[in-house]
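Structural overview
One letter stands for each residue in the lines below.
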Amino acid sequence: MIDAKTVLHVARLARLRLSPDEQQVMREELSGILEHIDVIRAIDLDGVPPTTHVLAVENVLRADEPRPGLPRDEALREAAHVVDDAFGVPRMD
Amino acid sequence: MSGFEPVIGVEIHVQLSTRTKMFCGCALSFGDPPNTHTCPVCLAHPGVLPVVNAEAVRRALLIGLALGCEIAPRSIFHRKNYFYPDLPKAYQVSQFDIPICGRGEFTAIRDDGTDLVVGITRAHLEEDAAKLTHAGGRRAGAEGSVVDFNRGGTPLVEIVTEPDLRSASDAGTFLRQLRQTLLFLGVSDCSMEEGSMRADANVSIRPVGSHALGTKTELKNMNSFRFLERGIDAEIARQTQIVASGGRVRQETVHYEPETGEITPLRSKEESHAYRYFPEPDLVPVVPDPAWVDDLRHGLPELPVPMRRRMVGEMGLSAEDAEVLTGSPELAAYFMAVAGEADPKAAANWVRGELRAQLREVGEEPWESRVTPSRMAALVGLLAEGTVSVPAAKEVLAEVIATGGEPAAVVEARGLGQISDEDALRDVIADLMDANPDQAGQLRDGKEKVIGFFVGQAMKQTGGRADPKAVQRLVRAQIGGD
């Protein structure tokens, strides 16, 4: 079982605020996932490359041809704040 | 330096000058109005899928091949997770454990002619972040920052070196010649000012003789190699002082302020696992066809460092000539074309010197001027044959720049041909001796000082077209005559 500190660290990285109850749920669920990894680790996997993709597809590439994107008004339509034709965000300096 | 040696590695981000972004068809742009080149993919709208730009893969392979990297038979993309407003997906698509280009090596030439060999750790593909501007600058009361997504998703290749560099000036030498190489490959504009090439340096120090690595700091994003070199020197000095006085260097990102020469910490570096890299499920592996990679390898242009060696070794140019003439791919191609048809050393002198000087006056570059390489070579040839004198050749060059004529035709039309016909020159000298009997007498008596007088007069009489060497010889022949 992973500890509460680890849960909070992961939550912080993911910008999640967890209530004490949620922390407990996450501890159990994350521990379950890690235990499953331990099951896989117990198998002898020497020489077996990790499965990074489940599709047997490679090289899906696109020609370098420009395509029209969104008009600016539309691009900015869902922005919470628009400042000078740009997305306004909290002060970041 | 006080028993410590610096250990430096660099990371270079290069924006590829493709037509479109890394994972969507939005056009690349620089300086266009904000947010005019965006789409649901590069704005990270839900449910969209990225598709890899084939040209970006091709250019990454070219870079890898030019740096002697092992090309991965199969490489994959990873998500690098972090939160920042310039990254709408909250992850950057990058490469992690299987980059498209693995270990390589780049050899640069130091000013003293010695080799500077730098190990390349990797070169991988990723996407650039958007441009974040702090509204109202740093003035108090500025409410927030603004994001322009035009740059977001631009294809980037990140090149990482081994910690093989031992001085700021070596770092500068490496970066300048790497930049030239990328320019010759035609993969990027490599403009430091516009940010299409950005370099960070990892700097640490260790006692001389030690093989362990000290704690490193990362010197961020300098917009010129000169400032980067100065920043590295300042950081080496700072670390040396800390360690010499018994302190410990902290692992952090630092900023060098060129104005004041000061180093200030930026933010404590997040540990690598905090990025929670994992394979990008939306992108399938890139498996370059070995035949394609071979074609690219064989199609590589001659790169500036080997070209410099060839200029010095085979063409007999000075190291400085070679450096100047490989200053840009255009100039190198121009010079090589001239040198293919004329004596390389003379061609180097003229291209570097008079041609560039005269073109500077009219604001043109050699390769876009009327002085085609064949014309330049023809003029160098006319000089070598003695058909024109140096002053006349300069005049011909000016005429070719202005009107685009063939040098031989300009010489003919303007009567600029050098007179080396000895009979004609003898007549000129005889006339001069008749007109200046006192000096003629002194010449016959062997008075050396009047030789210059007659040579000067002969040049004047012929409007500078006489071959000065022939005149000199013929005047001397009069000594002891009657």
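Residues numbered from 1 in each chain as written. Chains lettered and ligands numbered in written order. Predicted model: local features only at pLDDT ≥ 70, side-chain atom pairs only at ≥ 80, totals over all residues. Heavy atoms only, no water.

**Let's talk about the interface of chain B and chain A**
Applied cut-off: Note on contacts: a residue pair qualifies if any of its non-hydrogen atoms lie within 4.5 Å across the two residues. Summed over both partners, the accessible surface that disappears when two parts come together, traced with a 1.4 Å probe, is what is meant by buried area. A carboxyl oxygen of Asp or Glu within 4 Å of a side-chain nitrogen of Lys or Arg is what we treat as a salt bridge.
On the chain A side, the residues contacting the 55 residues of chain B number 31 residues. A combined buried area of about 3500 Å² lies between chain B and chain A, and 59% of that area is made up of carbon and sulfur atoms. Broken down residue by residue, the surface that chain B buries against chain A is led by B:R19, B:F83 and B:V284, which jointly contribute 15%. Remark: the boundary between chain B and chain A carries one salt bridge. A salt bridge links B:R19 to A:E65; the shortest N-O distance between them is 3.2 Å.

**Brief notes about the environment of B:T133**
Residues and elements named next belong to chain B. The line we're drawing: A helix here means a DSSP run of H or I that spans at least four residues, while a strand means a run of E at least two residues long, and both kinds are numbered starting from the N terminus.
Position of T133 among the secondary structure elements: in strand β7 (residues 131–134). A C-alpha to C-alpha distance of 68 Å links T133 and I419, two positions 286 residues apart in sequence. In this structure, T133 is in contact with S145 and V146, ignoring residues within four places of it in sequence.

**Side note on the pairing of strand β8 (residues 144–148) of chain B**
Just so we agree on the cut-off: The classification of residues rests on relative accessible area computed with a 1.4 Å probe and restricted to protein chains. Under 20% of the type maximum is buried, over 50% is exposed, and intermediate values are partly exposed. Pairing between strands is defined by DSSP: at least two bridges between the two strands are required.
By the criterion of burial, β8(B) is predominantly enclosed, with five of the five residues buried. For strand β3 (residues 86–90) of chain A and β8(B), the ladder comprises four bridges, and the chain directions are antiparallel. Bridge pairing in β8(B) links A:V89 to B:S145. Of the pairings in the sheet, the one linking β7(B) to β8(B) comprises four bridges and is antiparallel in character. Note that in β8(B) the partner of B:L132 across the bridge is B:V147.

**Considering the confidence of the model for chain A**
Note the following rule: The quantity called pLDDT is the predictor's confidence in a given residue, expressed from 0 to 100.
Averaged over every residue, the pLDDT of chain A is 92; the share at 70 or more is 99%. Within chain A, helix α1 (residues 4–13) of chain A has the poorest average pLDDT of any element, 90, and strand β1 (residues 61–62) of chain A the best, 97.

**Things to note about the packing of aromatic side chains**
One pair of aromatic rings is described through two measures. These are the centre distance and the angle between the planes. Here is the rule we go by: For Phe, Tyr and Trp, where Trp contributes only its six-membered ring, two rings pair if their centres lie within 6.5 Å, and the inter-plane angle classes them as stacked under 30 degrees, edge-to-face over 60, or tilted in between.
Applying the stated rule across the entire model yields seven aromatic pairs over all chains. Ring geometry for A:F87 versus B:F149: centroids 5.0 Å apart, planes at 90°, classification edge-to-face. Placement of the pair is A:F87 in strand β3 and B:F149 in the loop between β8 and β9 (155–161), with the two residues belonging to separate chains. As far as the burial class goes, A:F87 and B:F149 line up, both buried. On the numbers, 5.6 Å between centres and 80° between planes, the contact of B:F106 with B:F174 is edge-to-face.

**Quick notes on the sheet that holds strand β14 (residues 278–279) of chain B**
All names here are of chain B. Read across the sheet, three strands follow the order β4-β3-β14 without closing on themselves; strand pairing throughout is antiparallel. Each end of this open sheet is capped by a strand with a single partner; those strands are β4 (91–94) and β14. In this structure, strand β3 (residues 78–81) lies alongside β4, joined through four bridges in antiparallel fashion. The residue bridging R79 from the neighbouring strand is V93, located in β4.

**Focus on the domain arrangement of chain B**
How big an interface is tends to be expressed through the accessible area that disappears when the partners come together. Residues and elements named next belong to chain B. The cut-off we apply is this: Here the bounds of each domain stem from an automatic or database domain assignment. Under the rule applied, a polar contact is a pair of N or O atoms within 3.5 Å (in protein, one hydrogen donor and one hydrogen acceptor; residues adjacent in sequence only if both atoms are side-chain atoms).
For chain B, the assigned domains are domain 1 (4–292), domain 2 (302–414) and domain 3 (422–476). In this complex, domain 1 contributes 12 residues to the contact, which on the side of domain 2 involves 13 residues. For domain 1, the biggest contributors to the area lost against domain 2 are I109, Q180 and F184; these three give 60% of the whole. Taken together, domain 1 and domain 2 are joined by one salt bridge. A salt bridge links R309 to D115, with the shortest nitrogen-to-oxygen separation between them at 3.2 Å. Linking domain 1 with domain 2 are two residue pairs in polar contact (both at pLDDT 80 or more), by the criterion used here.

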